[in-house]
Amino acid sequence: MSTSAPAPSEAATATQQAPPKSKRSLLIKIFVGLLLVGFIIYVIVDLATTNNTRRIITDFLDWVEDNPAAGVFAFIGVYFIATIFFIPGLILTLGAGFVFANALGLGVGIFLATVAV
């Protein structure tokens, strides 16, 4: 009863060969990376020139003030996305304290702004 085992050189060759990476997944990673870099460059240039990003954030904070219940959860999501895309968090943090304090009172507003951040 002899079982045929692969020769040592065949086993070593099989383990040394890594599975080929998909070209498509590499292209997707490059595309997403370039997209993120492009967005970061846009935010930096925008903050130095037209301030559209700041206007959008201010409009969002006004909406949160008008809808405090849904605003808490929306604020958490927007803050998360803003952190990923390097949008300055100072505007959102200060805005959250002001908006939640106006909508719900100072104590509750500061608490919710702290929890949301």
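Residues numbered from 1 in each chain as written. Predicted model: local features only at pLDDT ≥ 70, side-chain atom pairs only at ≥ 80, totals over all residues. Heavy atoms only, no water.

Describe the overall build of the protein chain, and please don't skip the residues or the numbers.
The number of helices and strands found in the protein chain is 6 helices and 0 strands. Taken from N to C terminus, the helices and strands of the protein chain fall in the order α-α-α-α-α-α. For the protein chain, long-range pairs separated by at least 24 residues make up 56% of all intrachain contacts whose partners lie at least 6 apart in sequence. Counting only carbon and sulfur atoms, one obtains 72% of the accessible surface of the protein chain, whose full area is about 8,600 Å². (Helix = DSSP H or I, 4+ residues; strand = E, 2+ residues; numbered from the N terminus. Contact = heavy atoms within 4.5 Å. Areas by Shrake-Rupley, 256 points an atom, 1.4 Å probe, with all protein chains shown as cover.)

With reference to specific residues and values, describe the packing of aromatic side chains.
Following the criterion strictly, the structure yields 4 aromatic pairs and no others. Residues Phe-39 and Tyr-42 carry aromatic rings whose centres are separated by 6.3 Å and whose planes lie at 40 degrees to one another, so their mutual orientation is tilted. Taken as a pair, Phe-39 and Tyr-42 lie in helix H2 (residues 23-48) at a separation of 3 residues, close to a single helical turn. When its relative accessible area of 32% is taken as the criterion, Phe-39 is described as partly exposed. Take Tyr-42: its relative accessible area is 42%, and that puts it in the partly exposed class. For the pair Phe-60 and Trp-63, a centre-to-centre distance of 6.2 Å together with 25 degrees between the ring planes defines the contact as stacked. Taken together, the residues span about one helical turn, with Phe-60 and Trp-63 both in helix H3 (residues 52-66) at a distance of 3 residues. On the accessibility criterion, Phe-60 (17% relative accessible area) is buried. Ring-pair connections join several aromatic residues into one group, and the members of that group are Phe-60, Trp-63, Phe-75 and Tyr-79. (Phe/Tyr/Trp six-rings, centres within 6.5 Å; stacked < 30°, edge-to-face > 60°. Buried < 20%, exposed > 50% of the residue type's maximum accessible area, 1.4 Å probe, protein only.)

Please set out the environment of Thr-93 residue by residue, giving values where relevant.
Structurally, Thr-93 is set in helix H5 (residues 89-104). In sequence terms Thr-93 and Tyr-79 are 14 residues apart; their C-alpha atoms lie 8.6 Å from each other.

Break down the confidence of the model for the protein chain for me, with residues and values.
Looking at the protein chain as a whole, the pLDDT averages 76, with 79% of positions reaching at least 70. Considering each helix and strand of the protein chain separately, the mean pLDDT is smallest for helix H1 (residues 8-16), with a value of 54, and largest for H2, with 87. (pLDDT = per-residue confidence, 0-100.)

Hey, could you go over the packing of H3 against H5 for me, with residue numbers and the actual values?
The N-to-C vectors of H3 and H5 enclose an angle of 25 degrees; their axes lie 9 Å apart at closest approach. By the angle class used here, H3 and H5 are roughly parallel. For the pair H3 and H5, the sense of crossing is right-handed. Here Arg-54, Ile-57, Phe-60, Leu-61, Val-64 and Glu-65 of H3 come into contact with H5, specifically with Ile-91, Leu-92, Gly-95, Ala-96, Val-99, Phe-100, Asn-102 and Ala-103. (Axes fitted to C-alpha atoms, helices over the stretch in contact; angles between N-to-C directions. Parallel < 35°, antiparallel > 145°, perpendicular 65-115°, else oblique. Left-handed = near helix turned anticlockwise from the far one by under 90°.)

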